[in-house]
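Listed below, chain by chain, are the residues.
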Amino acid sequence: MQRPGKGKTPRRPGPKKTSSVEKDPVGVYCRIRPLGAEDEECCIEMISSSTIQLHPPDGLKANRNGEYKETQYSFKKVFGINTSQIELFEDVAKPLVEDLVHSKNGLLFTYGVTGSGKTFTMTGSPGEGGLLPRCLDMLFNSIGPWQAKRFVFKPDDKNGMEIQNQVDALLERQKRDSQQSVPKTPSSRQKADPEIADMISSEEACKSDNVDEDCCYSVFVSYVEVYNNYIYDLLEDAPFDPIRPKWLGGGTPVRNNEFIPPQSKLLREDQNHNMYVAGCTEVEVKSTEEAFEVFWKGQKKRRIANTQLNRESSRSHSVFMVKLAQAPLDADGDHILQDKNQVNVSQLCLVDLAGSERTSRTRAEGSRLREAGNINQSLMTLRTCMEVLRENQMCGTNKMVPYRDSKVTHLFKNYFDGEGKVRMIVCVNPKADDYDETMLVMRFAEMTQEVEIARPVDRPICGLAAGRRHRNQVFRDELSRRLEERGGPNNADDQSLMSQLIESLPALPPCELADPADDMTLPRLIEVLERRHRIRQMMTEQFDKTATTLKSMIQQFDSQLNAKENFLHDQRSKLSEKDKVIINQRAELERLEKKSKTLEYKVDILQKTTDMYEQDKRSLQQELETREQRLHRELSERRRMEQRMQGVMTDTKLKWEKECERRVNAKQMEMQNKLWVKDEKLKQLKAIVTESGSGGVGFPVERQEKPERPSRGRDHNVAQRRSASPPPLPTSTPVHLMHRRSHSAGGEKWVDHKPTSNLDLDTVMQPIIPNAIKVSAPNEKALSKCQKYVLRHQELASDGEIETKLIKGNVFKTRSGGQAVQFTDIETLKQECPTASSRKRRSGSGEGSAHIDDIENRAPVTSTSSIHGYQKRRKP
């Protein structure tokens, strides 16, 4: 036989997938809040009591080419903008309270975007109580006469209830009264708070009719919030108010005698596999006012904040749990049955979910951004759970529902598994700015309606006969009536007085006659009877006197009583007048108290708003200081950069001024050299012309003086010196003009680079380089074999003629083994038209100079220039 291993705790078997299990869909209702302003654009229209239609706003149509169409969504019921709180309660929450009285669980939560009216629907305002105070009022109106005394029911800290006898309960009450340090819950005998009393008017009060009178009831409330996916107890006594904690700049709470945040609570599973908040405070309440004061105590600790879309935006999901414990009476109908197994605990959860929001609209930063992310994540988990539940039911799959991904869904997983009814109120804001968020909410609501929840079964309390409390009450009333008919203790007093009176009379002697001749017994008896008769007469006379005196006293008292009654009647008339004045003053006082409470409520709201604004102001001031420091740093950095750039600019300016001065000097020198070369050529031509004319005619020719070279005062920085032009030969000797030889006529080997785009010019003077390697594109092989390099470059001159430039350089080897060219000078071959030149000369000079220019321009002119700024002259 195999030994069974240690298994896990057996779970409750789930409902079988048969047709016998009755299921109900999740009840989804829709409530439309009024627009904030009449001129706002509305995107929601209520078509019927169960259907609404969404219209895309005009801006969205323009941005998206009008592809959005009007869509309709159906709900179990739709409540318009004119719906009152009592109408909403009658249709949505009242059935859940009736189920709570009949030991059935319920879950009601509000869902929607931020600023859609969820908190108002759940809590309400003075004069317009929401669903929560109305549920409490209906519950206490239904079970009020049959509530158990305090501490008869006691939570066992494991989501269960224990029953205490009358003695233990009395000791618990005395212990609570004696401990002054322990804060007491407000007594139900105290006068109701006007703010709480105005929540629900007496005309709107309602109650459940089918309440089991043979049970005793106790109500326990608890209030928690889910903030950043952590559960906090709002009824837990904290050393300081957690609404206004003092935080450091890094997000760490100050711990030196300041507020320390409360510890988060854990979720646990009880023996019935129901989820509950471990260590949560459960307060026993006995009236609507007491329960709502407990709720208001926790509401003041709830986290709210000011955003761009809502002045008092809920930053957490709040869960108000109403737990009803009921146990049957014993067979006599006098005391509670001391059996823990007979205690039934039902629970109604009222949940106000925080609204989903887009950070692009709320402009949340820091902690607000983190809160919004956690809110949206928890709502997304809720949607995911609903989608998986619907898929499992519609497709027959068995996917695991991710309840544990969020504390909200994990806490209410039992309700979705069939432990009670689930109802959801979708709150929507019809303004056009919320159209995109409202579309997502509508899709989630439409999907949620398709999820079905198993219907909870009725749980019988016990097998005792019904009507036990009523029979016990009837017996007590009959006993009291019969005692009153008998006179009660008055008859017994009369009999004792009579016996004492008889004992005070003389005793009767023996009355037996033993002999007919006895003359002693009868006289003795007669004497005793006469004595008793005299005593009786004396007592009668005394009684008559006393009666007469008493009668006179009574008459006197009657007269006095009549006087007193007359006086009392007068006083009563005056008192009635005073009562009328008091009633008027009391009504005025109550009105002023209501007004004072309303003003206090507004002051509290304004105080919260002020605190939020101050907190935002401090954060903005801190951010402003940070930005100012950053701006100062940037300004100082900018000044340093400007100083550095000013220095660089000054250095660069000086450098370019020197460079420009050097280039101007070089250009002036080059132009002076060109002018000097032209003058030399002109002198040689004049000499030739003069010699030719004198040889034919016989005129003597004077020797031309050497022209004076322009001043070269700035040429002291030039590294190489130019050789002077040879003087012209005397007129008697024939002049043989030698052409200027190019440097390319040496013995070095040249690379003649002639691009294919160059044109062949039919000029007399052509650049001919012997011992040259001609190429159309330079290559390393050709450069390695030569010591010189020349590039033939053609360009169009200003007069429209083509001029050829010979750019020359030296070839040398580089360190890496390659070849490089360093250019040294440039030779220019230019062709000019004589007619155009003569025309230009003729317009600005005399006839003799024009003749000389025509002679000069008849042949092509070749000039040589160096890149170093001096003229390269040919060898003679």
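Definitions and limits used
- Residues numbered from 1 in each chain as written.
- Predicted model: local features only at pLDDT ≥ 70, side-chain atom pairs only at ≥ 80, totals over all residues.
- Heavy atoms only, no water.
- Helix = DSSP H or I, 4+ residues; strand = E, 2+ residues; numbered from the N terminus.
- Buried < 20%, exposed > 50% of the residue type's maximum accessible area, 1.4 Å probe, protein only.
- Contact = heavy atoms within 4.5 Å.
- Areas by Shrake-Rupley, 256 points an atom, 1.4 Å probe, with all protein chains shown as cover.
- Pairing = 2+ DSSP bridges.
- Disulfide = S-S within 2.5 Å.
- Expected span 1.5 Å × (residues − 1).
- Core = buried A, V, L, I, M, F, W, Y, C linked by side-chain atoms within 4.5 Å.
- Phe/Tyr/Trp six-rings, centres within 6.5 Å; stacked < 30°, edge-to-face > 60°.
- Axes fitted to C-alpha atoms, helices over the stretch in contact; angles between N-to-C directions.
- Left-handed = near helix turned anticlockwise from the far one by under 90°.
- Parallel < 35°, antiparallel > 145°, perpendicular 65-115°, else oblique.
- Salt bridge = Lys/Arg side-chain N within 4 Å of Asp/Glu carboxyl O.
- Polar contact = N/O pair within 3.5 Å; in protein donor to acceptor, adjacent residues only side chain to side chain.
- Patch = residues over 30% accessible without salt bridge, like charges linked within 9 Å, V, L, I, M, F, W, Y side chains within 5 Å.
- Lys, Arg positive; Asp, Glu negative; His and termini not counted.
- Charge placed at Lys NZ, Arg CZ, Asp CG, Glu CD.
- pLDDT = per-residue confidence, 0-100.

Novice: It is not clear to me how the overall build of the chain should be interpreted in this structure. Could you clarify?
Specialist: Helix and strand content of the chain: 18 helices and 28 strands. Relative to its 876 residues, the chain shows a buried fraction of 35%. Considering only intrachain contacts with a sequence separation of at least 6, the fraction spanning at least 24 residues in the chain is 72%. Summing over all exposed atoms, the chain offers an accessible surface of approximately 55,300 Å²; the carbon and sulfur share of this is 52%.

Novice: Is there a simple way to explain the pairing of strand β25 (residues 788-796) in this structure?
Specialist: Residues in a regular strand project their side chains so that they alternate between the two faces of the sheet. Strand direction decides the pairing type here: strand β23 (residues 750-753) and β25, joined by 4 bridges, are parallel. Bridge assignment links D752 to a residue of β25, and that residue is V790. Here β25 runs beside strand β26 (residues 802-813); their pairing, made up of 9 bridges, is antiparallel. Looking at the pairing, V790 lines up with K808 of β26. The loop that links β25 with its antiparallel partner β26 comprises 5 residues; one of these, G800, has a positive phi angle of about 90°.

Novice: What should I look at first to understand the state of the cysteines in this one?
Specialist: Two cysteines whose sulfur atoms are joined by a covalent bond form what is called a disulfide. Across all of its chains, the model carries 0 disulfides by this definition. Of all cysteine sulfurs, the one in C43 lies closest to C42, which takes part in no disulfide; the gap is 6.0 Å. Overall, C42 belongs to the partly exposed group, its relative accessible area being 38%.

Novice: Honestly, helix α9 (residues 367-395) in this entry has me stumped. Any pointers?
Specialist: Side chains that are three or four residues apart share a direction in an α-helix, a result of its 3.6 residues per turn. Compared with the 42 Å implied by 1.5 Å per residue over 29 residues, the 42 Å span of α9 between its first and last C-alpha is a close match. Just downstream of α9, G396 is the residue with a positive phi angle, here 75°.

Novice: Can you walk me through the nonpolar core in this structure?
Specialist: For soluble globular proteins, nonpolar side chains are generally found buried alongside one another. Ranked by internal contacts, the top residues of the largest apolar core, which has 55 residues, are I52, F75, L107, F412, F416 and M442. Setting aside anything within four residues of it in sequence, one finds M442 in contact with I52, L54, Y73, F75, V426 and V428.

Novice: Looking at this model, I keep getting lost on the packing of aromatic side chains. Mind explaining?
Specialist: We describe a pair of aromatic rings using the distance from one ring centre to the other and the angle between the two ring planes. On inspection of all chains with the given rule, the structure shows 10 aromatic pairs. Where F295 meets F320, the ring centres are 5.3 Å apart and the plane angle is 90°; that geometry is what we call edge-to-face. Here F295, found in helix α7 (residues 288-299), pairs with F320, found in strand β19 (residues 317-328); they are 25 residues apart in sequence, far enough to count as distant. For the ring pair W296 and Y601, a centre distance of 5.9 Å and an interplane angle of 35° mean the geometry is tilted. Taken together, the positions of W296 in helix α7 and Y601 in helix α15 (residues 521-697) put the pair 305 residues apart, joining distant regions of the chain.

Novice: Would you mind going over the packing of α9 against helix α12 (residues 435-448) with me for this structure?
Specialist: Packed helices, taken two at a time, are described by the angle their axes make and the gap between the axes. Put simply, α9 and α12 touch, their axes get as near as 10 Å, and they point 35° apart. Two packed elements cross with a definite hand, and for α9 against α12 that hand is left-handed. Facing α9, whose interface residues are L382, R383, M386, E387 and R390, α12 presents F444, M447 and T448.

Novice: Teacher, can you tell me more about the packing of helix α4 (residues 131-143) against α7 here?
Specialist: Close contact between α4 and α7 brings their axes to 9 Å; oriented N to C, the two are set at 150°. As far as their axial angle goes, α7 and α4 are roughly antiparallel. Of the two possible hands of crossing, α4 and α7 adopt the one that is right-handed. Here α4 contributes L132, P133, L136, D137 and F140 to the contact with α7, which in turn contributes T288, A291, F292 and F295.

Novice: What should I look at first to understand the sheet that holds strand β4 (residues 51-54) in this one?
Specialist: Strand pairing in a sheet relies on backbone hydrogen bonds, with the paired strands running either antiparallel or parallel. In space, the 3 strands of this open sheet follow the order β3-β4-β5, with antiparallel pairing throughout. Here the strands that pair on one side only, and so sit at the sheet edges, are β3 (44-48) and β5 (71-74). Looking at each pair of strands side by side, their axes are set apart by 30° on average, direction ignored.

Novice: Explanation requested: the pattern of salt bridges in the structure shown.
Specialist: If the charged atoms of two oppositely charged side chains come close together, the side chains can form a pair. For the structure shown, the criterion picks out 29 salt bridges. A salt bridge links E827 to K808; the shortest N-O distance between them is 2.7 Å. Taken together, the residues span a long stretch of sequence, with E827 in strand β27 (residues 819-830) and K808 in strand β26 at a distance of 19 residues. Of the two residues examined, E827 and K808, each falls in the buried class. Within the structure, one salt-bridge network assembled from shared partners comprises E22, D24 and R455.

Novice: Teacher, can you tell me more about the side chain of E827 here?
Specialist: By relative accessible area, E827 is classed as buried at 7%. At 2.7 Å, the side chain of E827 and the side chain of K808 are in polar contact.

Novice: Just checking my understanding: could you explain a negative patch on the surface for this structure?
Specialist: A cluster of acidic side chains, namely E38, D39, E40, E41, D58 and D433, defines a negative patch on the protein surface. With respect to the helices and strands, E40 occurs in the loop between β2 (27-32) and β3. Taking the relative accessible area as the measure of exposure, E40 reaches 34% and is therefore partly exposed.

Novice: Just checking my understanding: could you explain the environment of C385 for this structure?
Specialist: Positionally, C385 belongs in helix α9. Take C385: its relative accessible area is 3%, and that puts it in the buried class. Spatially, the C-alpha atoms of C385 and R404 are 10.0 Å apart, while their sequence positions differ by 19 residues. Not counting the four nearest positions on each side in its chain, C385 is found in contact with V401, P402, Y403 and T409.

Novice: How should I be thinking about the confidence of the model for the chain in this particular structure?
Specialist: As a general rule, the predicted coordinates of low-pLDDT regions are not to be interpreted in detail. Confidence in the prediction for the chain averages 77 pLDDT; 74% of positions are at 70 or higher. Throughout residues 180-192 the model reports pLDDT below 50, and contacts reaching past four residues in sequence, or to other chains, amount to 18 contacts. Long-range and interchain partners of residues 246-257, a stretch whose pLDDT sits below 50, account for 13 contacts in this model, where long-range means more than four residues apart.

Novice: When you look at the pairing of β23 in this model, what are you seeing that I'm missing?
Specialist: Residue alternation in β23 divides its side chains into two sets, W750 and D752 and V751 and H753, and both sets are buried. The pairing of β23 with strand β24 (residues 772-775) spans 4 bridges and is parallel. Bridging from a neighbouring strand, H753 pairs with V775 of β24.

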